[in-house]
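Notes for the structure review
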Amino acid sequence: MTDTGIGARVVRKEDQRFITGAGNYTDDINLPGQTYAYFLRSPHAHAKLGGIDTKRAEAAPGVLGVFTGADLARDGIGGLICGWMIHSKDGSPMNAGPHPALAQEKVRHVGDHVACVVAETAAQARDAAELIDVDYQELPACVNAADAKSDGAALVHDEIAGNTVYEWEIGDADLTDAAFRDAAHVTRLSIVNNRLIPNAIEPRAAIGCYDAAAGAYTLYTTSQNPHVARLVLSAFIGIAPEHKLRVIAPDVGGGFGSKIFIYAEETVCVWASRHIGRPVKWTGERSESFLADAHGRDHVTQAELALDKAGRITGLRVRTIANMGAYLSTFSSSVPTYLYATLLSGQYNIPAIHASVDAVYTHTAPVDAYRGAGRPEACYVVERLVEAAARELKLDPAELRRRNFITEFPHQTPVIMAYDTGDYGASLDKALELADYAGFAKRKAASEKAGKLRGIGFANYIEACGIAPSAAVGSLGAGVGLWESAEVRVNPTGNIEVLTGSHSHGQGHETTFAQLVSDRFGLPIDQIEIVHGDTDKVQFGMGTYGSRSGPVGMSAIARALDKIEAKAKKIAAHALEASQDDIEIRDGTLSVAGTDKSMAFGEVSLAAYVAHNLPEGMEPGLKETSFYDPANFTFPAGCHICEVEIDPETGVSEIVSWVAVDDFGTIINPNIVEGQVHGGIGQGVGQAMLEACHYDPQSGQLVTGSYMDYCMPRAADLPSYKLAFTTTVCPSNPVGMKGCGEAGAIAAPAAFMNAMTDALGTEDVPMPATPQAVWRTLQGAAPAAAAQ
Amino acid sequence: MPTVSMTVNGKSVSGNVEGRTLLVEFLRRNLRLTGTHVGCDTSQCGACVVHLDGKAVKACTTLALQCEGGDVVTIEGLAANGELHPMQQAFRDNHALQCGFCTPGMVMAAVDLVNRNGKLDEATIRAELEGNLCRCTGYHNIVKAIAAGAKAMS
Ligand code: FES
Ligand code: FES
């Protein structure tokens, strides 16, 4: 065994460059002769483009080119696409409005891309953009999802009636209606899942570069999935064939979903580099991130839970309106459907579920996957309902949950998912203990004495990661397969390069993936290099999102390692004149069991490459690849318990305790997994306590367009967390992993809001529960409380 | 274009800049010191923190010309003789970074806050980090690392 194998708290390999300022992010890259792009954006939520006069801008100092949608169209450059087809319940395909990279005819949200100026310096490009004369004929805007279908609502795409993207449903409506008819108790909630702006701290950036001699393009971009970007830019947008387009995603400063998508800016930069004849670089400013990164969440939901006399859940009915913004972003259509409603069974045995989802266009930025993507919304619905039901029935919320837990696996829910394994009671028990649930009443009394309100809230979340068998997602409308690829190259001298289709933008793959290899062969971790993020190096990859790098990405590596191991054993057995079944690998040595005959790993690899003495018929070399297609989704689950104290004078709330007990299956590096949980909770609390994307309902102006207006969680807003793991190994993949990247963001909003509603004694608290919202709630609640 | 001269990480440097050129642009574009990052346009995120004459400043809110004759230390200049600064080491040991984008600013701000405060409790560290955003870590390990770094610096 090595101390760098599975389960070891290895200090990250990648940190050396980041802590010394030697990271290599897209904006850190400077190519010879590079020019700078600036995007002119729409100041209006909705307007007809009368004309765009670029003459003055073209004459400005340093300007090399000014491009509009007409130029893209002239070159046959296609629009941006949405890669997941959803069908409405009447069988009709979703309505996907056109999404040109630079606007044609109309602009549809504030920040929509109107023109691109390329100049010698960034400042010159920005200055020149002010000289472009655009004839905007302003039109009324529709901003809120709830209004999008009403008569007279402004249409985002003229040809799409009622702003309807799709009207989708899942589950058995009749069975669910029957459950509600027979229910002993029904709990109802109206829930708004607030819109968020992702805000990775590195703004998006891109450098397009055309090599005329080779007739080939290179695009450096802040992407979570460079191969998917290449595929889309090539096959759908038509920049160049795949073999003439290289996409490099170097160090990327956080993504959280927002860097999955293929955006207008990178498309225009790579295309324009041929026209300019020099590299074209664009680095987003933060205000552009606010305006034009795909946003997250934005659901309006009516939800009902039916229970029998014994407190058993018998049915769940959910109606959701999902705001998709002005255009369908890359994977947007899947988020409020298959990533959301398929998780509505939560951790519970629910015999009947029906959900309908109306997705609508509005004059706002596109909405797509953001950390958790659909699953936080589902968890929020289920866990708010269950908590509210417990309160109405005067049952302990832990007890009501326990009564309804799924305890037998595999478990088929009424909404597609087949849970493979889990132990929800174990994580609940552990969390109750760590949170000192038994002592809560005392603590509440102490708070009351001090004039404070104290509340406790649970979130027993489940999510589905590692999506999923490619054929299964294909049948649900996905335009791609969701497998992953890996290549393991053992060099003659015995060091190893692993080329992975996963992409690390903070997740620590260079360490975790190396641990998997170190564990297998007992090799020191500095002998192992992880390579990712370059379509010229890595054979193919689907990238990193949906907590898939562990369960899918590492499974691909594990499969390739199986092949390496088998071949290495054959070579050693041949050289040592033994049977390959007797070869054991330990501490970097292959030895014949029960003898002192052995070869170092490096001797075996050298033997593979010098090829002087290989088994009959064996090809030289020691390099293997794998394309791993998952057998099932994975189902991370756990229990988060949040305790808050509120000062009723000011509405300010403080998180006094946060316990997270998660079941992620096998854990490779606990440091890294805990870090993922911390960060996820941070973002989830951000959503629940502070962050609200707000558009002016009339003008469609983004009111929260900077860090002065959009409240990001800071260190003083968050507590230290108490973490523990309960483990059921995932049976669906060779590494036993379930994925950990999103759990915190999924559980946290429900746990926090359940604590807040407990403290405030009403379900009627908006999210985010800012001090102002809390204070208002308290003012409204005061007379009622006094009357009691 | 006026010329500006200053000391950066112990070396004398000078360059031609516009009046509007920010210190962070001078560092990143003229000197190719890309360890100092830009995460916002409203002086909120702290990704750009460097030390100017021994004090933490936001390089996105400082004009290059303001630094004439100044002594600037960036993340690239923090490690001495190939040895990590104790705060860098503490960030690494405590897994206080994920994507690493906020990290240079965090480390520079952390060194400054230890210099100013000496001994630090958790509440002080959290309050003092007001000017630095991290989207990845939930701050838990950053707070731990700064406490450990402060100890190692004393
Ligand atoms: S870039 Fe300086 S504070 Fe954000
Ligand atoms: S580590 Fe990514 S923003 Fe802090």
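The shown structure was predicted, so the numbers you read here are calculated from the model rather than taken from an experiment. (Residues numbered from 1 in each chain as written. Chains lettered and ligands numbered in written order. Predicted model: local features only at pLDDT ≥ 70, side-chain atom pairs only at ≥ 80, totals over all residues. Heavy atoms only, no water.)

Let us now look at the overall build of chain B. When you go through chain B residue by residue, the secondary structure sums to five helices and five strands. Order of helices (α) and strands (β) in chain B, N terminus to C terminus: β-β-α-β-β-β-α-α-α-α. In terms of overall dimensions, chain B is globule-like: its C-alpha atoms have a radius of gyration of 15 Å, near the 15 Å expected for 154 residues. Its C-alpha atoms give chain B principal-axis dimensions of about 45 × 35 × 25 Å. Taking as baseline every contact in chain B between residues at least 6 positions apart, the subset at least 24 positions apart corresponds to 57%. (Helix = DSSP H or I, 4+ residues; strand = E, 2+ residues; numbered from the N terminus. Rg over C-alpha atoms; globule rule 2.2 N^0.38 Å. Contact = heavy atoms within 4.5 Å.)

Quick look at unusual backbone geometry now. Residues and elements named next belong to chain A. Look at the link from Phe409 to Pro410: it is a cis peptide, with omega at -5°. In this structure, Pro410 sits in the loop between helix H10 (397–404) and strand S16 (411–412). With omega at 5°, the peptide bond leading from Met767 into Pro768 counts as cis. Take Pro768: it is sitting in the loop between helix H18 (743–760) and helix H19 (771–787).

In this assembly, 44 residues from chain B lie in contact with 56 residues from chain A. Interface of chain B and chain A: buried area, both sides summed, is about 4200 Å²; carbon and sulfur atoms make up 54% of it. Viewed at the interface, chain A and chain B are joined by four salt bridges. In this structure, the salt-bridge partner of A:Asp28 is B:Arg28, at a minimum N-O distance of 2.7 Å. Seen at the junction of chain B and chain A, the total is 29 residue pairs in polar contact (both at pLDDT 80 or more). Sorting the residues of the side of chain B that touches chain A by element identifies helix H1 (23–30), helix H2 (86–93), helix H3 (103–117), helix H4 (122–128) and helix H5 (140–153) of chain B as the ones contributing at least two each. Counted by class, the side of chain B that touches chain A contains 16 nonpolar, 16 polar and twelve charged residues. (Buried area = accessible area lost by both parts, 1.4 Å probe. Salt bridge = Lys/Arg side-chain N within 4 Å of Asp/Glu carboxyl O. Polar contact = N/O pair within 3.5 Å; in protein donor to acceptor, adjacent residues only side chain to side chain. Nonpolar A, V, L, I, M, F, W, Y, C, P; charged D, E, K, R; others polar.)

Residues and elements named next belong to chain A. With mixed pairing, the seven strands of this open sheet are ordered in space as S3-S5-S1-S12-S9-S10-S11. Looking at strand neighbours, the two that pair on one side only are strand S3 (63–68) and strand S11 (245–248), the edges of this open sheet. Strand-to-strand twist across the sheet, computed as the mean angle between neighbouring axes with direction ignored, equals 20°. Relative to S11, strand S10 (residues 216–221) runs parallel, the two being bridged by four bridges. The partner of Thr218 across the bridge, within S11, is Arg246. Contacting S10 and S11, helix H6 (residues 226–236) crosses the sheet at an angle of about 145° to S11. (Pairing = 2+ DSSP bridges. Axes fitted to C-alpha atoms, helices over the stretch in contact; angles between N-to-C directions.)

All names here are of chain A. The full count for this structure, using the stated rule, is 21 aromatic pairs over all chains. Seen from their ring centres, Phe290 and Tyr707 are 5.5 Å apart, and the 75° between their planes marks the pair as edge-to-face. With Phe290 in helix H8 (residues 286–292) and Tyr707 in the loop between helix H17 (670–690) and strand S28 (722–725), this pair connects stretches of sequence that are 417 residues apart. The same class applies to Phe290 as to Tyr707, namely buried. The interplanar angle of 5° and the centroid separation of 6.0 Å between the aromatic rings of Tyr348 and Phe405 together place this pair among those described as stacked. Of this pair, Tyr348 sits in the loop between strand S14 (313–323) and strand S15 (353–360) while Phe405 sits in the loop between H10 and S16, and the two are 57 residues apart along the sequence. Take Tyr348: its relative accessible area is 0%, and that puts it in the buried class. Taken together through their ring pairs, the aromatic side chains of Tyr348, Phe405, Phe409 and Tyr424 make up a single cluster. A cation sits over an aromatic face here: Arg17 above Phe18, 4.7 Å from the ring centre. (Phe/Tyr/Trp six-rings, centres within 6.5 Å; stacked < 30°, edge-to-face > 60°. Buried < 20%, exposed > 50% of the residue type's maximum accessible area, 1.4 Å probe, protein only. Lys NZ or Arg CZ within 6 Å of the ring centre and 35° of its normal.)

Attention now moves to the domain arrangement of chain B. Residue and element names in this part refer to chain B. If you check the domain split of chain B, you get domain 1 (3–74) and domain 2 (86–153). On a C-alpha basis, the centres of domain 1 and domain 2 stand 21 Å from each other. Facing the 16 residues of domain 1 at the interface are twelve residues of domain 2. Summing the contributions of domain 1 and of domain 2, the shared interface buries around 1000 Å²; its carbon and sulfur component is 60%. Among the residues of domain 1 in contact with domain 2, His37, Val49 and His51 are the three that bury the most area, contributing 40% of the side total. For the interface between domain 1 and domain 2, the tally reads zero salt bridges. Scanning the region where domain 1 abuts domain 2 turns up seven residue pairs in polar contact (both at pLDDT 80 or more). Within the residue set of the side of domain 1 that touches domain 2, elements represented by two or more residues are strand S3 (49–52) and strand S4 (55–58). (Domains from an automatic or database assignment.)

Here we take up the sheet that holds strand S22 (residues 583–586) of chain A. All names here are of chain A. Ordered in space as S22-S23-S24, the three strands form an open sheet in which the pairing is antiparallel. This sheet does not close on itself; its edge strands, each paired only once, are S22 and strand S24 (598–600). Strand-to-strand twist of the sheet, defined as the mean angle between neighbouring strand axes without regard to direction, takes the value 20°. Two elements, S22 and strand S23 (residues 589–592), share four bridges in a ladder whose sense is antiparallel. Across the sheet, residue Arg586 finds its bridge partner in S23, namely Thr589. Against the sheet, helix H15 (residues 549–576) contacts S22, S23 and S24, and its axis sits at roughly 120° relative to S22.

This part is about the pattern of salt bridges. All names here are of chain A. By the definition in use, this model includes 56 salt bridges over all chains. Here Asp251 makes a salt bridge to Arg17, at a shortest N to O gap of 2.8 Å. In this pair, Asp251 is assigned in the loop between S11 and helix H7 (264–276) and Arg17 in helix H1 (residues 15–19), connecting sequence segments 234 residues apart. Residue classification places Asp251 among the buried positions, given a relative accessible area of 10%. For Lys738, the salt bridge identified is with Asp663, shortest N-O distance 3.2 Å. In this pair, Lys738 sits in the loop between S28 and H18 while Asp663 sits in strand S27 (residues 652–663), placing the two residues 75 residues apart along the sequence.

Here the focus is the pairing of S23(A). All names here are of chain A. The hairpin turn running from S22 into S23, its antiparallel successor, is two residues long, and Asp587 in that turn takes a positive phi close to 50°. Here three bridges tie S23 to S24, and the two strands are oriented antiparallel to one another. In the sheet register, Thr589 faces S24, and the bridge partner there is Ala600. Here S23 folds back onto S24 in antiparallel fashion, the turn holding five residues, of which Gly594 has a positive phi close to 75°.

Moving on to empty space enclosed by the protein. Where empty space is left becomes clear once a probe the size of a water molecule has been rolled over the atoms. Residue and element names in this part refer to chain A. In total, this model carries ten cavities of 30 Å³ or more according to the counting rule given. The calculated volume of the largest cavity comes to roughly 710 Å³. Looking at the largest cavity, it is lined by 49 residues, and the ones nearest its centre are Thr544, Tyr545, Ser547, Arg548 and Gly741. Counting residues per element, the ones that place at least two in the lining of the largest cavity are helix H14 (509–521), H15 and H17. Tallying contributions element by element places H15 first for the lining of the largest cavity, with four residues. Approximately 160 Å³ is the volume attributed to the second largest cavity. As for the second largest cavity, its lining consists of 17 residues, of which Leu80, His99, Tyr263, Ala292 and Pro366 are closest to the centre. Per-class residue counts for the lining of the second largest cavity are eleven nonpolar, five polar and one charged. Residue-level mapping places the lining of the second largest cavity at the junction of two domains, with at least three residues from each of domain 2 (33–139 + 201–254 + 259–292) and domain 3 (299–467 + 632–778). (1 Å grid on protein atoms, 1.4 Å probe; cavity = no way out; pocket = protein on both sides within 12 Å on 5 of 7 lines; lining within 4 Å. Points joined across faces, edges and corners; volume = space filled by probe spheres on them.)

With that out of the way, let us pick up the layout of surface pockets. One number sums up the size of the largest pocket: a volume of about 1300 Å³. What lines the largest pocket is a set of 50 residues, among which A:Ala122, A:Ala123, A:Arg126, B:Glu25 and B:Arg29 lie closest to the centre. Put simply, the parts of the chain that give the lining of the largest pocket at least two residues each are strand S1 (35–41), helix H4 (122–129), strand S12 (280–283) and H8 of chain A together with H1 of chain B. Partitioned by chemical class, the residues of the lining of the largest pocket number 19 nonpolar, 15 polar and 16 charged. Lining the second largest pocket are 27 residues, and of these A:Asn144, A:Val192, A:Asn194, A:Arg195 and A:Asp298 lie nearest its centre. Listed by contribution, the elements that provide at least two residues to the lining of the second largest pocket are strand S8 (185–193) and helix H9 (375–392) of chain A. Sort the elements by how many residues they give to the lining of the second largest pocket and S8(A) lands first, with four residues. Taken together, the residues that form the lining of the second largest pocket break down as 15 nonpolar, seven polar and five charged.

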